[in-house]
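A structural walkthrough
Single-letter residue listing:
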Amino acid sequence: MATGKEQANARHAMPAQDPQVRACNFDEVALGYDHEMAVEEALRCIQCRRPLCVTGCPVQVRIPEFIKALREGDMWQAVEFLKDNNSLPAICGRVCPQESQCEALCILGRRGEPVAIGRLERYVADWEREQGVRVPEVAPSNGIRVAVIGSGPAGLTAAGDLAKKGYQVDILEALHEPGGVLVYGIPEFRLPKAVVAAEVDYLRKLGVSILFNRVVGKLYSLTELREQYQAVFLGTGAGLPIMMSIPGENLNGVYSANELLTRVNLMKAFDFPNWDTPVRVGERVAVVGAGNVAMDSARSALRLGAKEVHIVYRRSREEVPARAEEVEHAEEEGVVFDFLTNPIAVLGNEQGGVTGIRCIRMTLGEPDDSGRRRPVPAEGSEFEMGVDTVVMALGTRPNPLVFIEADGLERARGGTVVADLETGRTTLERVWAGGDIVTGAATVISAMGAGRVAASDIDAFFQAGSPGPWKATKEDVPA
Amino acid sequence: MYCILSKKTLTPVTTEYVIEAPEIARKARAGQFVIVRVHERGERIPLTIADRDADAGTITVVAQEIGATSRRMKELEPGDSLASLTGPLGRPTEIERYGTVVLVGGGLGIAAIHPICQALRDAGNHVIAIIGARSGDLLFWEDRMRQVTDDLIVVTDDGSYGRKALVTVPLKELIEERQIDRVWGIGPAIMMKFVSLTTQPYGVSTIVSLNSIMVDGTGMCGACRVSVGGRTYFACVDGPEFDAHQVDWDLLFSRQRFYADEERRALDLYEENCKAIPEQEDAR
């Protein structure tokens with residue numbers, strides 16, 4: 001039994017839709033704090049003189065400052081502190097893996113539970129959105145035209161920062177909606193599209209124009225864009241699905257997570273036939289992988305009517321890369337986790353449909369390059385699992401289309417583009433890059449941070465007047 | 001943007017649209033396609049770029065009214081706009097001076113081979129085309145095809161127009177009569193399979209354009225997976241053209257049918273709504 005004092009200092013749980021109810025709808029699961037809860041949670045922060053939380057944040061959000069302003073009731077001040085280093089707080093508050101970043105280092109976490117920094121971030125950002133977003137003063141136009149390729153977190157951030165400084169920014173987006181992975185990848189129940197739309201509105205108010213249905217590499221090449229714009233920022237992310245290359249993978253009913261999620265999120269297939277795009281998910285679904293995309297796929301499958309959904313993961317619970325909250329939510333909703341299990345074939349019938357997967361049990365061996373223990377197949381442990389739908393959520397790689405006719409743009413192994421992480425500069429003069437296209441699939445916050453770094457370097461480059469020879473170091477580039 | 005400038009009924013089931021798309025018109029090459037969304041809640045469907053006019057800033061596409069989306073597209077009138085138009089997508093046809101080439105277009109495939117014939121002819125090939133349909137009323141663009149070919153052979157399954165034959169019959173004859181350096185077959189999947197089977201014994205290089213189900217058309221989703229030579233490719237970015245003799249046809253047929261029930265349901269619903277619309281308008 002907790003003492004009164006402990007209770008008073010307990011972290012405030014996030015109000016959420018009931019698991020049974022939400023597993024049948026696409027509305028947002030986490031409902032957000034109300035003002036009283038937010039202030040109470042903010043009061044838990046002990047305002048460290050040397051705040052460790054900030055060092056855990058990829059963009060060094062001014063966490064203690066915004067929390068202090070929040071509990072003092074100065075909401076606009078809280079917004080200002082929060083947005084000083086983070087241009088997409090309503091999104092990051094929802095999708096950041098706080099438990100392995102800011103909250104992991106919160107001093108309160110050593111003896112109890114850390115301050116719910118992410119939830120407070122979301123509260124402040126949502127409050128701002130409800131007030132109607134204030135558009136900051138925009139510097140007079142400097143006439144410098146910048147093309148931002150991709151309207152995901154990296155591109156939105158770079159575009160916003162540059163527009164504020166007076167650059168004339170065109171975002172070129174391949175799809176018909178803005179937001180990139182925030183729109184096609186992350187489901188409504190985790191990140192309502194209205195939140196993304198508000199950020200996009202904000203950019204438009206800053207004077208950014210968004211040109212849809214422009215596939216760079218196809219409609220224009222990077223080489224052509226460099227002639228039309230003084231600077232180009234590449235933020236095309238990692239949109240190409242990785243499949244397993246196992247037998248039966250092309251059977252009907254095997255999806256890449258990208259396909260399932262794009263149908264559902266971008267094309268609104270959950271509302272077929274009111275929306276034209278269909279999606280077919282059977283009664284028993286296996287999702288292979290255990291990252292956020294796997295959780296999103298599994299939970300989407302439940303909402304589409306699947307009776308039983310399994311996460312099939314070759315490592316153990318300890319190595320699961322998804323956010324803790326997503327795993328928790330998935331379990332509450334009834335997703336079954338099969339750890340140390342790896343599919344080796346998809347089984348089908350004569351009609352070309354899926355009837356199951358053949359799996360093998362795994363054990364964990366020595367740590368591999370990623371520092372995680374390498375899964376090793378246990379000989380003779382093969383078994384079959386009866387499913388009619390399989391979703392491959394094994395990660396993504398950068399889409400190579402953007403590299404067509406991009407002479408001089410050096411790429412690393414794995415299809416990423418070589419860029420200096422300190423500046424975003426690529427090997428091609430006046431071309432910057434940031435986000436998943438540089439790092440491989442990572443997080444929204446790191447992409448946002450990279451967009452910010454590049455915007456700042458672009459500005460430095462042009463401020464310098466006639467800058468010297470283009471220097472793009474190849475150091476600090478991840479293998 | 002994406003304004004329909006003209007619309008022409010070609011056959012009872014096919015319609016030609018000239019669409020304002022200056023950037024695409026400038027960049028498009030033979031063999032490429034666009035992804036169209038007809039309305040705001042619409043699906044993304046691939047349509048081959050059948051012609052383009054860079055000076056006028058237009059592209060021409062031909063759609064067959066087989067599903068709800070193409071039926072809805074048919075309702076659009078000149079002056080109306082598409083919700084979105086993305087392209088040019090896919091790899092262009094490899095245009096070289098091969099010598100004598102035969103292009104087989106079945107049904108809607110006639111529109112697809114049109115720009116390829118033109119490009120191959122411009123590259124100095126002797127271009128022979130075989131166009132076919134089930135019956136004469138389903139044929140279109142005979143005149144336009146004559147302009148981009150050296151020889152044009154017209155066939156129908158029922159003999160109601162042109163020669164009564166399947167497209168593979170004159171194809172086989174041509175291969176036996178003379179040196180044919182390359183063949184293209186574009187049309188229904190089953191036709192492409194038989195074109196492939198026809199040329200294979202003679203070892204004539206044959207290219208087909210695989211019309212698998214697509215969503216984004218940019219390599220993002222993999223819905224369009226095809227197996228060619230035992231390897232998996234995404235038709236949207238690795239194709240749509242592939243070596244016919246290496247294609248796993250059964251897989252293509254099966255994957256094309258995956259959403260058949262949903263497509264049927266959407267069409268039924270569309271037809272019901274069409275009937276319901278006049279009443280609604282009366283009520284207003």
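What you see is a predicted model, and the numbers here were worked out from it, not measured in a lab.

For chain B, the helix and strand inventory stands at nine helices and 15 strands. Against the compact-globule benchmark of 19 Å for 284 residues, chain B has a radius of gyration of 19 Å, which places it among compact chains. Each of the three principal axes of chain B carries a C-alpha extent, and together these read 65 × 40 × 40 Å. Looking at chain B residue by residue over its 284 residues, the buried ones come to 56%. Summed over its atoms, the accessible surface of chain B is roughly 12,100 Å², and 47% of this surface lies on carbon and sulfur atoms. For chain B, the distance from the average site of its 32 positive side-chain charges to the average site of its 41 negative ones is 3 Å.

This part covers the overall build of chain A. A tally of regular secondary structure across chain A gives 18 helices and 16 strands. Over its C-alpha trace chain A gives a radius of gyration of 23 Å, about what one expects of a compact globule, namely 23 Å for 479 residues. Across its three principal axes, chain A shows a C-alpha extent of roughly 65 × 65 × 50 Å. Taking all 479 residues of chain A together, the buried fraction comes to 59%. Excluding contacts between residues fewer than 6 apart, the proportion of contacts in chain A whose partners are at least 24 apart in sequence is 70%. In the structure as shown, chain A presents an accessible area of about 19,600 Å², 49% of it carried by carbon and sulfur atoms. Within chain A, the 65 negative side-chain charges are centred at a point lying 3 Å from the centre of the 51 positive side-chain charges.

Here we take up the domain arrangement of chain A. For an interface, size is often stated in terms of accessible area lost upon the parts coming together. Residues and elements named next belong to chain A. Splitting chain A by domain gives domain 1 (4-131), domain 2 (145-239 + 397-476) and domain 3 (243-394). Each of domain 1 and domain 2 has a C-alpha centre, and the two are 28 Å apart. Between domain 1 and domain 2, the contact holds 21 residues from the first and 20 residues from the second. Between domain 1 and domain 2 lies a buried interface of about 1,800 Å² when both sides are counted; carbon and sulfur atoms form 73% of it. On the domain 1 side of the contact with domain 2, Leu88, Ile91 and Val95 bury the most area, a combined 29% of that side's loss. Summed over the shared surface of domain 1 and domain 2, the result is zero salt bridges. Seen at the junction of domain 1 and domain 2, the total is five residue pairs in polar contact (both at pLDDT 80 or more). Looking at the side of domain 1 that touches domain 2, the elements that each hand over two or more residues are helix H6 (75-85) and helix H7 (89-95). Among the elements that make up the side of domain 1 that touches domain 2, the one with the highest residue count is H7 (five residues). Taken together, the residues of the side of domain 1 that touches domain 2 break down into eleven nonpolar, four polar and six charged.

This paragraph deals with the environment of Val215(A). Along the chain, Val215(A) turns up in the loop between strand S3 (209-211) and helix H13 (222-228). For Val215(A) and Glu328(A), which are 113 residues apart along the polypeptide, the C-alpha to C-alpha distance reads 38 Å. For Val215(A), the residues in contact, after removing those within four places along its chain, are Ala174(A), Tyr220(A), Leu401(A), Thr86(B), Leu89(B) and Thr218(B).

A few words on a nonpolar patch on the surface. Residue and element names in this part refer to chain A. Judged by side-chain polarity, Ile46, Leu52, Leu105 and Ile107 come together as a nonpolar surface patch covering roughly 300 Å² of accessible area. With respect to the helices and strands, the residue Ile107 is situated in the loop between helix H8 (102-105) and helix H9 (117-131). Taking the relative accessible area as the measure of exposure, Ile107 reaches 30% and is therefore partly exposed.

For the rest of this paragraph, the subject is the interface of chain B and chain A. With 47 residues of chain B in contact, the opposing surface of chain A contributes 45 residues. When the two sides are added together, the surface that chain B and chain A hide from each other amounts to roughly 3,800 Å², 52% of it contributed by carbon and sulfur. Contact with chain A buries area across many residues of chain B, yet Arg41(B), Met220(B) and Phe258(B) alone supply 19% of it, more than any other trio. Between Lys27(B) and Glu224(A) there is a salt bridge, with the nearest N and O atoms lying 3.1 Å from each other.

So, about helix H6 (residues 189-199) of chain B. Ala189(B), Met191(B), Met192(B), Val195(B), Ser196(B), Thr198(B) and Thr199(B) are the residues of H6(B) that are buried. Buried positions along H6(B) lie against strand S7 (100-106), helix H5 (168-177), strand S11 (182-186), strand S12 (206-209) and helix H8 (249-256) of chain B.

Residues and elements named next belong to chain A. At a minimum axis distance of 7 Å, the contact between helix H10 (residues 153-164) and helix H18 (residues 444-463) shows a crossing angle of 35°. The two elements H10 and H18 cross, and the hand of that crossing is right-handed. Here Pro153, Ala154, Thr157, Ala158, Asp161 and Leu162 of H10 come into contact with H18, specifically with Val444, Ala447, Met448, Gly451, Arg452, Ala455 and Ile458. Among the residues forming the contact of H10 with H18, the class breakdown is nine nonpolar, two polar and two charged.

A separate point is helix H12 (residues 193-205) of chain A. Residue and element names in this part refer to chain A. Between its terminal C-alpha atoms H12 stretches 18 Å, which fits the 18 Å expected from 13 residues at 1.5 Å a residue. In this structure, the buried side of H12 is in contact with H7, H9, H10, strand S2 (168-172), helix H11 (181-184) and S3. Following H12 by one or two positions, Gly207 has its phi on the positive side, about 100°.

Moving on: the sheet that holds strand S1 (residues 145-149) of chain A. Residue and element names in this part refer to chain A. Taken in spatial order, the five strands line up as S3-S2-S1-S4-S16 in an open sheet, and their pairing is parallel. In the strand order of this sheet, the two ends are held by S3 and strand S16 (431-433), each with one partner. When the angles between neighbouring strand axes are averaged without regard to direction, this sheet yields 20°. Where S1 lies against strand S4 (residues 231-234), four bridges are found, and the strand directions are parallel. Within S4, the residue paired with Ala147 across the bridge is Val232. Lying on the sheet, H10 is in contact with S1, S2 and S4; it crosses S2 at an angle near 165°.

Moving on to unusual backbone geometry. The residue after Phe272(A), namely Pro273(A), is reached through a cis peptide bond having omega 5°. You can see Pro273(A) is positioned in the loop between helix H14 (257-266) and strand S7 (284-288). The omega angle of the peptide bond from Gly87(B) to Pro88(B) is -5°, so this bond is cis rather than trans. For Pro88(B), the location among the structural elements is in strand S6 (residues 84-89). A positive phi angle, close to 50°, is found at Leu340(A), a residue other than glycine. Looking at the secondary structure, you find Leu340(A) in the loop between strand S9 (336-338) and strand S10 (341-348). In the Ramachandran plot, Arg430(A) falls in the positive-phi region, its phi being about 65° despite a non-glycine side chain. Structurally, Arg430(A) can be placed in the loop between strand S15 (396-397) and S16.

Before going further, it helps to spend a moment on the domain arrangement of chain B. All names here are of chain B. One can read the domain layout of chain B as domain 1 (4-89) and domain 2 (100-256). Just the C-alpha atoms count here: the centres of domain 1 and domain 2 sit 21 Å apart. Every contact between the two is made by 21 residues of domain 1 and, on the other side, 22 residues of domain 2. Taken together, both faces of the contact between domain 1 and domain 2 bury some 1,600 Å²; the carbon and sulfur share is 65%. Considering only the side of domain 1, the residues that lose the most area to domain 2 are Phe33, Arg44 and Ala50, jointly responsible for 23% of the buried surface there. Our count for the contact surface shared by domain 1 and domain 2 stands at two salt bridges.

Thresholds applied
Residues numbered from 1 in each chain as written. Chains lettered and ligands numbered in written order. Predicted model: local features only at pLDDT ≥ 70, side-chain atom pairs only at ≥ 80, totals over all residues. Heavy atoms only, no water. Helix = DSSP H or I, 4+ residues; strand = E, 2+ residues; numbered from the N terminus. Rg over C-alpha atoms; globule rule 2.2 N^0.38 Å. Buried < 20%, exposed > 50% of the residue type's maximum accessible area, 1.4 Å probe, protein only. Areas by Shrake-Rupley, 256 points an atom, 1.4 Å probe, with all protein chains shown as cover. Lys, Arg positive; Asp, Glu negative; His and termini not counted. Charge placed at Lys NZ, Arg CZ, Asp CG, Glu CD. Contact = heavy atoms within 4.5 Å. Domains from an automatic or database assignment. Buried area = accessible area lost by both parts, 1.4 Å probe. Salt bridge = Lys/Arg side-chain N within 4 Å of Asp/Glu carboxyl O. Polar contact = N/O pair within 3.5 Å; in protein donor to acceptor, adjacent residues only side chain to side chain. Nonpolar A, V, L, I, M, F, W, Y, C, P; charged D, E, K, R; others polar. Patch = residues over 30% accessible without salt bridge, like charges linked within 9 Å, V, L, I, M, F, W, Y side chains within 5 Å. Axes fitted to C-alpha atoms, helices over the stretch in contact; angles between N-to-C directions. Left-handed = near helix turned anticlockwise from the far one by under 90°. Expected span 1.5 Å × (residues − 1). Pairing = 2+ DSSP bridges.

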